[in-house]
Structure formats: structure tokens, C-alpha cells
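Observations on the model geometry
This is what each chain is made of:
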Amino acid sequence: MGKYFSKEKNKTTKPCINSHEVFSRSYESKDDYNEGEHYIHIATRDLFKVNFSSDIQNVLLNPNTKILDVGCGFGFWLTEMASDFPKPSYFGIDILPIYPKSTFPNNITFQQHDILKRLPFEDNSFDFIHVQFLNFDITELQWETIVFQELARILKPGGWLEFCEMEYGILNYGPLSKKFDLTSK
Ligand SMILES: C[S@@+](CC[C@H](N)C(=O)[O-])C[C@H]1O[C@@H](n2cnc3c(N)ncnc32)[C@H](O)[C@@H]1O
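Residues numbered from 1 in each chain as written. Predicted model: local features only at pLDDT ≥ 70, side-chain atom pairs only at ≥ 80, totals over all residues. Heavy atoms only, no water.

Identification of the protein chain as S-adenosyl-L-methionine-dependent methyltransferase from Rhizophagus irregularis is taken from an unreviewed UniProt entry.

Structure below.
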């Protein structure tokens, strides 16, 4: 994900390699709320006009439904879903404890977990698993060898797994944007 640069003399700059690093830095100073992430959440929802695309309208009306958001960040998606559809139980996991600690709907459980390790959920636990903007943190190999298997393990048969990810790329590179873009060759 981006690089941090400083114009201060003699200050060394260090690239951030993924959003996990960016968020751990902002977490040091901002605690429970990140305006940038909230803005991205609102922009994404306004773009698609909904918070999900899967055919889960009926599932959302069932009080036995269990929903997981992986890499939930500050919990904006979960908080909105839990307010719009209050019947299901919602779970959010993130490698960093940046999710809300005090004020959030009581049908959400936030937990600090790493998706690259086995999650503490039983097989066939969730009716709907939502993953949004995690692709900068997980390598292709990790998706293929760890994440898809773990998500398939905890998803109920007939459950829904939804990814909302962006394809990253800059068109018409100039010499400067080439220099600053970690992904360009
Ligand atoms: C770009 S943010 C997206 C947050 C949220 N899903 C959203 O759409 O607003 C990526 C999140 O994934 C979390 N994350 C990164 N690596 C993770 C891992 N291995 N396991 C769980 N969460 C992870 C980061 O801490 C960060 O909160």
C-alpha cells in the first residue's frame, strides 16, 4: 500500500507495505475512529447503493443467522448491518484491536484474530462471510493456501461468501508515479 515520505531534513522514510501497517500506525494516534476508513466505507456503500450483493435478504431476517466480517477494521460495515438488520448475530475479527470497544449494537462481537491462523470458530458456523479491502494485506499464495480454506471451513453448507475488493492499478504512468508506486515494475 502507499509509502510515507517526509520533507523534514535527515528524517528517514519507511515504506508501508500493507494496510495492516498503515492502520497500526494510525491506530497509535487515533484509537477507536478513523475518518479515512469511514469515508471509504460511505463511498463504497454509496457506489453500490447497498452493503452487500449476495442473495441474503431472507437470511438477514432469521434470528439464528450468524454473520462474520473478516478484517473488520473500525467496524463501520458491521455496525451499519447490525442496525439495518438487527436479527442476526454479527462477529468481526481483525488482526488489530481497532474495532469499537464501548459503543456498538449488542448483537456484534468483536475479536482480535489473524485470518492466517486457524480461527476459533467451529466448522460450518456462518451463514454469510463478508471480506472487504483485505487484498493489500494477504498475498496470492496466502489466499490460495490458507484464507480460502479457512473461510470454506467455517462457512455453513449453502452459506454465502462475499468479497468486495478493488483491482489496483494506475493508468498512464508518468515518471514520478512510476517511482512512487510499489507495485510498478
Ligand atoms: C483496508 S482495511 C479494511 C477494513 C474494513 N474491511 C473496511 O472495508 O473498511 C484492512 C483491515 O484488515 C486487517 N487485517 C490485515 N491483515 C489481517 C489478518 N491477517 N487477519 C485479520 N485482519 C487483518 C487490518 O488490520 C485492517 O483493519
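Next comes the rest of the write-up.
**Focus: unusual backbone geometry**
Positioned with a positive phi, asparagine 124 is a non-glycine residue whose angle comes to about 55 degrees. Checked against the element boundaries, asparagine 124 lands in the loop between β3 (108-112) and β4 (126-132). With a phi angle near 55 degrees, phenylalanine 133 is a residue other than glycine that sits in the positive phi range. Residue position: phenylalanine 133 is located in the loop between β4 and α4 (140-154). (Helix = DSSP H or I, 4+ residues; strand = E, 2+ residues; numbered from the N terminus.)

**Description of a nonpolar patch on the surface**
A cluster of nonpolar side chains, Leu47, Phe48 and Val50, forms an exposed patch at the surface whose accessible area comes to about 320 Å². As for its placement among the helices and strands, leucine 47 is situated in helix α2 (residues 35-48). Exposure remark for leucine 47: the relative accessible area of 64% places this residue in the exposed category. (Patch = residues over 30% accessible without salt bridge, like charges linked within 9 Å, V, L, I, M, F, W, Y side chains within 5 Å. Areas by Shrake-Rupley, 256 points an atom, 1.4 Å probe, with all protein chains shown as cover. Salt bridge = Lys/Arg side-chain N within 4 Å of Asp/Glu carboxyl O. Buried < 20%, exposed > 50% of the residue type's maximum accessible area, 1.4 Å probe, protein only.)

**Re the side chain of aspartate 114**
The topology assignment puts aspartate 114 in the loop between β3 and β4. Of the side chains with opposite charge, lysine 117 lies nearest to the buried aspartate 114, which makes no salt bridge, at 4.0 Å. Among the polar contacts made by the side chain of aspartate 114, one reaches the main-chain amide nitrogen of leucine 116 at a distance of 2.8 Å. In contact with aspartate 114, other than residues within four places in its own chain, are Ile95 and Leu119. (Lys, Arg positive; Asp, Glu negative; His and termini not counted. Polar contact = N/O pair within 3.5 Å; in protein donor to acceptor, adjacent residues only side chain to side chain. Contact = heavy atoms within 4.5 Å.)

**Re the site of the ligand**
Taken together, 18 residues lie around the ligand, and Gly71, Asp94, Asp114, Ile115 and Gln132 are the ones closest in. Take glycine 71: an N or O atom from its main chain is 2.7 Å from a nitrogen atom of the ligand. Across the complex, the protein chains shield 94% of the 600 Å² of accessible surface that the ligand would expose by itself. Among the elements that line the shell around the ligand, the one with the most residues is helix α1 (residues 19-30), at 3 residues. Of the residues assigned to the shell around the ligand, the class counts are 8 nonpolar, 6 polar and 4 charged. (Near = heavy atom within 4 Å. Nonpolar A, V, L, I, M, F, W, Y, C, P; charged D, E, K, R; others polar.)

**Description of the packing of aromatic side chains**
Applying the stated rule across the entire model yields 11 aromatic pairs. Plain terms: the ring middles of phenylalanine 52 and phenylalanine 85 are 5.9 Å apart, the flat faces sit at 70 degrees to each other, and that makes the pair edge-to-face. With phenylalanine 52 in the loop between α2 and β1 (66-70) and phenylalanine 85 in the loop between α3 (76-84) and β2 (89-94), this pair connects stretches of sequence that are 33 residues apart. Here phenylalanine 91 and phenylalanine 126 contribute two aromatic rings whose centre-to-centre distance is 5.6 Å and whose plane-to-plane angle is 75 degrees, an arrangement assigned as edge-to-face. Of this pair, phenylalanine 91 sits in strand β2 while phenylalanine 126 sits in strand β4, and the two are 35 residues apart along the sequence. Since its relative accessible area comes to 16%, phenylalanine 91 is described here as buried. (Phe/Tyr/Trp six-rings, centres within 6.5 Å; stacked < 30°, edge-to-face > 60°.)

**Observations concerning the pattern of salt bridges**
Tallied over the entire structure, the rule returns 5 salt bridges. One salt bridge in this structure joins arginine 45 and glutamate 80, with 2.9 Å as the shortest N-O distance. Of this pair, arginine 45 sits in helix α2 while glutamate 80 sits in helix α3, and the two are 35 residues apart along the sequence. Exposure remark for arginine 45: the relative accessible area of 24% places this residue in the partly exposed category. Two residues, aspartate 123 and arginine 153, come together in a salt bridge whose shortest N-O distance is 2.7 Å. Residue aspartate 123 is located in the loop between β3 and β4, and its partner arginine 153 is located in helix α4; the two are separated by 30 residues in the primary sequence.

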